[in-house]
Amino acid sequence: MLNAFGAMAQGTRLVLSKGLRRYVFLPILVNLVLYAGTVVYLLNNFGGWIDYWMLKVPAWLDWLEWLIWPMLVLSLIVVVFFTFTLVSNLIAAPFYGFLAEKVELRVTGQPPSDDRSFTRSAIDALGRELVKLGYILPRMALLFVLGFVPGFNLIMPFLWAAFSAWMMAVTYLDYPMDNNRVSFKDMRRRLRARWWPTLTFGGWVLAATWIPLANLILLPGAVAGSVLMWQQHYRQLPVIR
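Source: prediction; values computed, not measured.

Asks: Help me get a handle on the UniProt feature "transmembrane region" (unreviewed entry) in the protein, residues and values and all.
Replies: The sites that carry the UniProt feature "transmembrane region" (unreviewed entry) are, in the present numbering, residues 23–43, 63–96 and 195–219. Between the end C-alpha atoms of residues 23–43 the distance is 32 Å, and the span holds 90% helix and 0% strand. Helix and strand shares over residues 195–219 are 80% and 0% respectively, and the end C-alpha atoms of the span are 21 Å apart.

Asks: Give me the packing of aromatic side chains: which residues, what numbers.
Replies: In the structure shown here, the tally under the stated rule is 8 aromatic pairs. Considering the side-chain rings of Trp160 and Phe163, the 5.9 Å spacing of their centres and the 75° angle between planes classify their relative orientation as edge-to-face. With Trp160 and Phe163 both in helix H5 (residues 156–179), this residue pair falls 3 residues apart, about one helical turn. For Trp160, a relative accessible area of 2% translates into the label buried. The class of Phe163 is buried, set by a relative accessible area of 10%. Judged by centre distance (5.8 Å) and plane angle (75°), the rings of Trp195 and Trp196 are edge-to-face. Taking NZ or CZ as reference, Lys132 lies 4.4 Å from the ring centre of Tyr175, over its face.

Asks: Tell me about the side chain of Lys132, and name the residues and values.
Replies: You can see Lys132 is positioned in helix H4 (residues 118–146). A polar contact is formed between the side chain of Lys132 and the side chain of Asp174, at a distance of 3.3 Å. Contact partners of Lys132, with chain neighbours within four places excluded, come to Val170, Thr171, Asp174, Tyr175 and Phe184.

Asks: Give a description of the environment of Phe25 that names residues and reports values.
Replies: Locating Phe25 in the fold gives a position in helix H2 (residues 25–54). We classify Phe25 as exposed; its relative accessible area is 54%. Considered as a pair, Phe25 and Ala161 are 136 residues apart in the sequence and their alpha carbons are 30 Å apart.

Asks: Got a sec to walk through the pattern of salt bridges? Specific residues and values, please.
Replies: Considering all chains together, one arrives at 7 salt bridges under this definition. In this structure, Asp186 and Arg189 form a salt bridge, with 2.7 Å as the shortest nitrogen-oxygen distance. Of the two residues, Asp186 and Arg189 are both situated in helix H6 (residues 184–193); the distance of 3 residues between them amounts to about one turn of the helix. Through salt bridges with shared partners, one network takes in Arg128, Glu129, Lys132, Asp174 and Asp178.

Asks: Break down the environment of Leu43 for me, citing the residues and quoting the values.
Replies: Along the chain, Leu43 falls in helix H2. Spatially, the C-alpha atoms of Leu43 and Met54 are 18 Å apart, while their sequence positions differ by 11 residues.

Asks: Could you give me a rundown of unusual backbone geometry, with the residues and numbers involved?
Replies: Here the phi dihedral of Arg181 falls at roughly 60°; this positive angle occurs in a residue that is not glycine. Secondary-structure assignment places Arg181 in the loop between H5 and H6.

What counts, and at which threshold
- Residues numbered from 1 in each chain as written.
- Predicted model: local features only at pLDDT ≥ 70, side-chain atom pairs only at ≥ 80, totals over all residues.
- Heavy atoms only, no water.
- UniProt positions renumbered as here; feature names shortened; annotations may be inferred.
- Helix = DSSP H or I, 4+ residues; strand = E, 2+ residues; numbered from the N terminus.
- Phe/Tyr/Trp six-rings, centres within 6.5 Å; stacked < 30°, edge-to-face > 60°.
- Buried < 20%, exposed > 50% of the residue type's maximum accessible area, 1.4 Å probe, protein only.
- Lys NZ or Arg CZ within 6 Å of the ring centre and 35° of its normal.
- Polar contact = N/O pair within 3.5 Å; in protein donor to acceptor, adjacent residues only side chain to side chain.
- Contact = heavy atoms within 4.5 Å.
- Salt bridge = Lys/Arg side-chain N within 4 Å of Asp/Glu carboxyl O.

Written out as structure tokens, the structure is:
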């Protein structure tokens, strides 16, 4: 049975193969521009953010400053990372959806069960990304706030890791499901039903996003890998409305 790492590896090979390479150029260009802009913005502002939030720590918690500071740094890094990921996926969503469609056609010989035009699909893809934002942002905000709760913040790295893997799975596995007209609610149900492949795939995508420059190829590879995961683990599950 196809595992998450195998899907990522095969997906990356697929997007680099003849006939599919041309569909990854625009997503790579989008990510490259956003990546450069994010690095410049962080270099200019990150230190000021840390100083600002450390001033918000109550005086009676000064003795925990040695623990609060790294937890704050970690939380801010994760928030910035998620913001970058969400914005880049929002902009690249129409291209990723189109790439997923072409990969499915290559792998199965059949196009997705979707009769929408490219323009309609692109518009719907942007709307779907906004639905994802509505799902992700409140949960991300809750985790960020919990990071300031004394004692609770000790387990925050583990919670952020699990949350990050799940969100990457939601983000990328949704491309082939949206192409096949699976509702967002049904998509989340399918991911829960196959929770281990879901988390491991999301974990590998998360790891790929942290590899500078290589992620420009690995993320389109994750889109192709999501199509393979869809075919192997989720497509056969019953439909709900």
